[in-house]
Amino acid sequence: MKIRTRIAPSPTGAPHIGTAYVALFNYAFAKHQGGEFILRIEDTDRERSSREAEQAILAALKWLGLSWDEGPDVGGSFSPYRQSERTALYQDAARRLVAKGAAYPCFCAPERLAELRRAQTTVKDGFLGYDGRCAALSSQEAQRRIQAGEAHVLRLRVPAEGDCVLRDGLRGEVRIPWNKVDHQVLLKADGFPTYHLANVVDDHLMEITHVIRGEEWLSSLPKHVLLYQAFGWQPPEFYHLPLLRNPDKTKLSKRRNPVSILYYQRAGILPETLINYLGLMAYSFADGREQFTLAELAESFDIKRVSLGGPIFDLQKLQSFNGRRLRELPLDELLGRLQTWGLNEETWRKVLPLAQPRLNQLADLVPLAAFLFADRQLYEPAALLNTGLSGQRVARLLRLAQWEIERSAEWTLDAIKQIFERMAQLEGLKLKQLLAPFYIAISGAVVSLPIFDSMLILGRDMTLARLQYAREALAEAGCALTKDELAELEKTYRAQYGGGG
RNA sequence: GCGCCUAUCGUCUAUCGGUCAGGACACCAGGUUUUCAUCCUGGGAAGCGGAGUUCGACUCUCCGUAGGCGCGCCA
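Residues numbered from 1 in each chain as written. Chains lettered and ligands numbered in written order. Predicted model: local features only at pLDDT ≥ 70, side-chain atom pairs only at ≥ 80, totals over all residues. Heavy atoms only, no water.

### Examining the packing of aromatic side chains
Per the stated rule, a full pass over the model turns up 20 aromatic pairs. On the numbers, 6.1 Å between centres and 75° between planes, the contact of Y283 with F285 is edge-to-face. Each member of the pair, Y283 as well as F285, is classed as buried. Stacked on the ring of Y130, the Lys or Arg R155 has its end atom at 3.8 Å from the ring centre. The positively charged end of R324 is found above the aromatic ring belonging to F321, 5.6 Å away from the centroid. (Phe/Tyr/Trp six-rings, centres within 6.5 Å; stacked < 30°, edge-to-face > 60°. Buried < 20%, exposed > 50% of the residue type's maximum accessible area, 1.4 Å probe, protein only. Lys NZ or Arg CZ within 6 Å of the ring centre and 35° of its normal.)

Below, the structure written as structure tokens:
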């Protein structure tokens with residue numbers, strides 16, 4: 001049987017470094033054995049999924065050299081590869097589960113579930129999850145209520161007692177008590193499947209033989225094997241990779257680290273360095289090699305060599321590896337890399353109109369535009385405070401801008417302008433006042449090129465990184481927001497801006 | 001709170017019961033270099049704690065401890 005693995009990203013945000021990490025191992029595993037690597041888009045969350053995000057993920061993985069044999073862009077014999085285009089399949093599968101009694105309709109309103117949750121968290125007996133009320137409904141009664149047009153979801157029927165015995169390819173046997181497994185919603189009220197259903201159905205239909213994914217999924221594995229059993233399908237083999245961590249050991253998050261692949265691209269990390277470094281996370285070559293290419297990794301890949309401690313993503317080591325590669329490049333190639341990276345005519349044509357009015361000598365250009373090609377701009381943290389706004393205020397504004405930028409659908413001059421104009425209005429500031437600290441954060445200076453155009457050229461991810469750097473600088477100057485202040489700010493943000501943090 | 005996973009230098013890791021516990025990043029010192037960087041050489045730095053199994057445990061088992069993840073009509 002042909003080895004088939006897949007990466008199944010959800011297009012809900014910037015392409016995540018963790019996606020590349022998991023994709024890399026799936027790719028290497030499949031290619032090592034002459035198998036196929038598939039890309040599937042898990043866009044079952046209608047609220048948050050977007051085509052822009054999907055495009056960005058595809059582009060980022062391509063940039064890294066992780067090519068797939070089948071996917072939404074290249075097609076394949078198991079198409080479509082976008083879950084939003086496969087809903088009939090899931091609905092049909094869900095119907096079969098109900099017919100077999102493996103799933104049941106649930107009419108509980110979100111309000112009741114929220115109430116239930118609240119009650120459960122106060123009791124602290126350890127039980128959190130659906131109480132099974134609708135599981136007891138007779139099929140006639142359920143049928144009647146469905147016919148009456150009552151909104152409902154489909155839930156997985158989970159055994160009440162005993163242990164679920166699982167196999168993870170890296171850990172061996174794992175036992176999880178059934179009574180700790182929630183009656184997972186399989187089909188939402190909008191008719192869309194949840195991850196759990198869609199994932200199992202697609203992995204089966206697409207003949208995935210090995211599921212290599214993040215450890216965060218280990219605890220929902222019982223639901224998945226239960227589904228395979230209910231369908232009467234042979235489950236694939238499962239391998240759960242340890243999660244990438246922040247320096248404080250928590251799961252890698254943008255709070256502490258840039259997590260967008262696009263940021264690393266923008267900062268001038270070579271794709272082969274990122275692949276090399278990611279291949280060092282939780283993995284080692286039998287011969288101790290630490291410098292390698294994607295092809296070399298695939299050639300010698302042995303999934304049993306994955307180690308299980310959660311690796312901390314260390315920017316310094318990544319940069320050190322990148323430096324070594326840059327130094328080894330022949331001059332012509334280095335020049336070529338710089339050009340494809342962004343030092344090219346196309347960029348200058350964008351920059352020049354901004355710089356021209358500010359030039360007295362040609363020699364003024366490069367210093368003026370340098371920040372557009374930099375990663376971290378160095379400036380005195382105090383500069384952020386010489387803006388007529390208090391440190392606390394600036395910290396809040398930076399955070400608000402991050403949220404607004406993250407949630408903006410597009411990255412265009414108009415979109416950026418709107419974000420800040422709206423912010424100025426909601427904050428009761430003149431645009432000029434509001435922007436003052438942002439000039440420092442983005443360009444490192446009070447006098448600079450037009451800021452919205454600069455953000456556009458820098459790209460969303462580098463812009464976000466600059467705001468993050470500014471918050472860090474502020475924290476150094478003693479103006480960090482406390483956890484409580486942040487929570488408070490998020491509440492205000494939701495109320496005033498109508499966004500989620 | 002409950003369940004599961006994990007545990008070697010600060011960090012990434014090697015070690016398939018017997019090693020002076022090795023390498024890489026970072027750090028420190030010295031050398032090369034007009035400065036710096038590079039490069040070279042050297043150095044400090046680790047088996048979470050306690051029982052057990054064994055002639056012998058970093059390695060196997062158990063109990064602690066710590067960390068992580070999960071407990072959504074998100075994935």
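### With respect to the packing of helix α9 (residues 271–278) against helix α11 (residues 315–328)
Remark: α9 packs on α11, axes separated minimally by 9 Å, with the N-to-C direction vectors making an angle of 135°. Of the possible angle classes, the one that applies to α9 and α11 is oblique. Crossing of α9 against α11: the hand is right-handed. Of the residues in α11, those touching α9 at E272, T273, L274, N276 and Y277 are K317, L318, F321, N322 and R325. For the contact of α9 with α11, the per-class residue count stands at four nonpolar, three polar and three charged. (Axes fitted to C-alpha atoms, helices over the stretch in contact; angles between N-to-C directions. Helix = DSSP H or I, 4+ residues; strand = E, 2+ residues; numbered from the N terminus. Parallel < 35°, antiparallel > 145°, perpendicular 65-115°, else oblique. Left-handed = near helix turned anticlockwise from the far one by under 90°. Contact = heavy atoms within 4.5 Å. Nonpolar A, V, L, I, M, F, W, Y, C, P; charged D, E, K, R; others polar.)

### Observations concerning a nonpolar patch on the surface
Together, L335, L338, W341 and L343 make up a nonpolar patch on the protein surface, roughly 310 Å² of accessible area in all. Judged by its relative accessible area of 32%, L338 is partly exposed. (Patch = residues over 30% accessible without salt bridge, like charges linked within 9 Å, V, L, I, M, F, W, Y side chains within 5 Å. Areas by Shrake-Rupley, 256 points an atom, 1.4 Å probe, with all protein chains shown as cover. Salt bridge = Lys/Arg side-chain N within 4 Å of Asp/Glu carboxyl O.)

### Let's talk about the packing of helix α17 (residues 431–443) against helix α19 (residues 460–476)
Across the interface, α17 lies against α19 with an axial gap of 8 Å and an inter-helix angle of 110°. For the element pair α17 / α19, the angle class is roughly perpendicular. Mapping the contact onto sequence places F438, A441 and I442 in α17 and T463, R466, L467 and A470 in α19.

### Topic: the protein's contact with RNA strand B
In the vicinity of RNA strand B, 57 residues are found, and the nearest of them are T44, K188, E215, A282 and E290. For RNA strand B, the fraction of protein-proximal atoms (within 4 Å) that sit in sugar or phosphate groups is 79%. One of the backbone N or O atoms of A189 is found 2.8 Å from a base oxygen in RNA strand B. Note that a sugar or linking oxygen of RNA strand B is positioned 3.2 Å from one of the side-chain N or O atoms of R327. When residues of the surface near RNA strand B are traced back to their parent elements, those giving at least two are α4 (110–123), β4 (153–156), β6 (172–177) and α11. In terms of residues, the surface near RNA strand B owes the most to one element, α11, which gives six residues. Residue composition of the surface near RNA strand B, by class: 21 nonpolar, 13 polar and 23 charged. (Near = heavy atom within 4 Å. Polar contact = N/O pair within 3.5 Å; in protein donor to acceptor, adjacent residues only side chain to side chain.)

### Structural notes on the domain arrangement of chain A
On domain assignment, one finds that chain A holds domain 1 (4–72 + 244–317), domain 2 (86–235) and domain 3 (372–497). Across the contact, nine residues belong to domain 1 and 12 residues belong to domain 3. Our count for the contact surface shared by domain 1 and domain 3 stands at one salt bridge. As a salt-bridge pair, K254 and E406 come within 3.4 Å of each other at their nearest N and O atoms. Looking at which element gives the most residues to the side of domain 1 that touches domain 3, the answer is helix α8 (residues 261–266), with three residues. Taken together, the residues of the side of domain 1 that touches domain 3 break down into four nonpolar, one polar and four charged. (Domains from an automatic or database assignment.)

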